[in-house]
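One letter stands for each residue in the lines below.
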Amino acid sequence: QQQVKQSPQSLIVQKGGISIINCAYENTAFDYFPWYQQFPGKGPALLIAIRPDVSEKKEGRFTISFNKSAKQFSLHIMDSQPGDSATYFCASLTDSWGKFQFGAGTQVVVTP
Amino acid sequence: DAGVTQSPTHLIKTRGQQVTLRCSPKSGHDTVSWYQQALGQGPQFIFQYYEEEERQRGNFPDRFSGHQFPNYSSELNVNALLLGDSALYLCASSPSVLQETQYFGPGTRLLVL
């Protein structure tokens, strides 16, 4: 059962637009929150991750915003490109051994 | 570096059969985790192997078992297959010194008929 709630389930954005995906978590045992990108037929690939000692982390066009008090974090994809079309998963680390809980995923489609 | 590899890529079985999936971790990684990803869902943690032992387990029945070999490669076995076991099975490897940094393989697509 998912204890990381991810929304929206899908979104369509025009090329150059901003994609925003939100996640809410319940378990606060360990503070590490990654986002994974998955293309059809491939395994998830680590995209960007944050530890909540900072409220925001940016890597290129991808930014994570973190709100510890609200137990929420989000992924912003700036200047979205057709190559960004994929399914994105947020995750929450639940212990020190690397057990993750994943959100249900958001399918992003970037139109030309 | 070959990254995480899994075999086979696809598999078709019938109910009641048994299946074995294989995973070779990324070079330098000694910890292997297995996940089940149903269609349209996020990965669900099955179990994790470290030093050839099952270190922790998710909410999966005993029909799911595994093994880790001295070279850190791993197997996932599923007995008495059910239709609901149809899914993408993902292997993720990580170094023990940085457990949260997990690299996923391409997965094995299992279809149970």
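Residues numbered from 1 in each chain as written. Chains lettered and ligands numbered in written order. Predicted model: local features only at pLDDT ≥ 70, side-chain atom pairs only at ≥ 80, totals over all residues. Heavy atoms only, no water.

Participant: Is there a simple way to think about the overall build of chain B in this case?
Facilitator: For chain B, the count of helices and strands is zero helices and eleven strands. Since a compact globule built from 113 residues should have a radius of gyration of about 13 Å, the 13 Å found for chain B is in line with a globular shape. Counting the 113 residues in chain B, one finds 52% classified as buried. By sequence separation, contacts in chain B at least 24 residues apart represent 53% of the contacts at least 6 residues apart. Of the roughly 5200 Å² of accessible surface on chain B, a fraction of 51% belongs to carbon and sulfur atoms. Chain B carries 8 positive and 10 negative side-chain charges, and their two centres are separated by 12 Å. (Helix = DSSP H or I, 4+ residues; strand = E, 2+ residues; numbered from the N terminus. Rg over C-alpha atoms; globule rule 2.2 N^0.38 Å. Buried < 20%, exposed > 50% of the residue type's maximum accessible area, 1.4 Å probe, protein only. Contact = heavy atoms within 4.5 Å. Areas by Shrake-Rupley, 256 points an atom, 1.4 Å probe, with all protein chains shown as cover. Lys, Arg positive; Asp, Glu negative; His and termini not counted. Charge placed at Lys NZ, Arg CZ, Asp CG, Glu CD.)

Participant: Sorry, what's going on with the state of the cysteines here?
Facilitator: By definition, a disulfide links the sulfur atoms of two cysteine residues through a covalent bond. Applying the stated criterion across every chain yields a total of two disulfides over all chains. The disulfide partner of Cys 23 of chain A is Cys 90 of chain A, and the S-S distance across this bridge is 1.8 Å. One disulfide, between Cys 23 of chain A and Cys 90 of chain A, carries an S-S torsion of -90° and so falls in the left-handed class. Taken together, the residues span a long stretch of sequence, with Cys 23 of chain A in strand S3 (residues 19-25) and Cys 90 of chain A in strand S9 (residues 86-93) at a distance of 67 residues. For the pair formed by Cys 23 of chain A and Cys 90 of chain A, the shared burial category is buried. The side chain of Cys 23 of chain B participates in a disulfide bridge whose partner is Cys 91 of chain B; the two sulfur atoms lie 1.8 Å from each other. Taking the sign of the S-S torsion, -55° for the link of Cys 23 of chain B and Cys 91 of chain B, the bridge is left-handed. On the criterion of sequence distance, the pair formed by Cys 23 of chain B in strand S3 (residues 19-24) and Cys 91 of chain B in strand S9 (residues 87-94) is long-range, its members being 68 residues apart. Across the pair, exposure class does not vary: Cys 23 of chain B and Cys 91 of chain B are buried alike. (Disulfide = S-S within 2.5 Å.)

Participant: Whenever I open this one, the sheet that holds strand S7 (residues 62-67) of chain A confuses me. Can you help?
Facilitator: What holds strands together in a sheet is hydrogen bonding between their backbones, with the strands either parallel or antiparallel. All names here are of chain A. In space, the five strands of this open sheet follow the order S1-S3-S8-S7-S6, with antiparallel pairing throughout. The outermost strands of the open sheet, each flanked by one partner alone, are strand S1 (4-7) and strand S6 (56-59). Neighbouring strand axes in the sheet, compared pairwise and without regard to direction, differ in orientation by 15° on average. Direction of pairing for S3 relative to strand S8 (residues 72-77): antiparallel, over a ladder of six bridges. Residue pairing in the sheet places Ala 24 in a bridge with Gln 72 of S8. (Pairing = 2+ DSSP bridges. Axes fitted to C-alpha atoms, helices over the stretch in contact; angles between N-to-C directions.)

Participant: Before we go on, may I ask you to explain the packing of aromatic side chains in this structure?
Facilitator: The description of two aromatic rings rests on the distance between their centres and on the angle between their planes. The final tally for this structure, using the stated rule, is 18 aromatic pairs over all chains. An angle of 55° between the planes, with centres 6.1 Å apart, marks the rings of Tyr 25 of chain A and Phe 73 of chain A as tilted. Taken together, the residues Tyr 25 of chain A in strand S3 and Phe 73 of chain A in strand S8 connect sequence positions 48 residues apart. Across this residue pair, the class does not change: Tyr 25 of chain A and Phe 73 of chain A are buried. Ring plane angle 75° and centroid distance 6.0 Å describe the contact between Phe 102 of chain A and Phe 104 of chain B, whose orientation is recorded as edge-to-face. Taken together, the positions of Phe 102 of chain A in strand S10 (residues 100-102) and Phe 104 of chain B in strand S10 (residues 103-104) put the pair across two chains. (Phe/Tyr/Trp six-rings, centres within 6.5 Å; stacked < 30°, edge-to-face > 60°.)

Participant: Explain the interface of chain B and chain A to me, please; I cannot follow it from the model alone.
Facilitator: By convention, interface size is frequently given as the accessible area that disappears when the constituent parts associate. Tallying the contact residues gives 21 residues for chain B and 21 residues for chain A. When chain B packs against chain A, close to 1700 Å² is buried across both sides, 51% of that on carbon and sulfur atoms. Considering only the side of chain B, the residues that lose the most area to chain A are Gln 56, Glu 100 and Phe 104 of chain B, jointly responsible for 30% of the buried surface there. At the boundary of chain B and chain A, one finds zero salt bridges. If you look at where chain B meets chain A, you find five residue pairs in polar contact (both at pLDDT 80 or more). Those elements giving two or more residues to the side of chain B that touches chain A turn out to be strand S4 (31-37), strand S5 (44-50), strand S6 (53-57) and S9 of chain B. In terms of residue class, the side of chain B that touches chain A is made up of seven nonpolar, eleven polar and three charged. (Buried area = accessible area lost by both parts, 1.4 Å probe. Salt bridge = Lys/Arg side-chain N within 4 Å of Asp/Glu carboxyl O. Polar contact = N/O pair within 3.5 Å; in protein donor to acceptor, adjacent residues only side chain to side chain. Nonpolar A, V, L, I, M, F, W, Y, C, P; charged D, E, K, R; others polar.)

On their own, these measurements won't tell you what the molecule is for.
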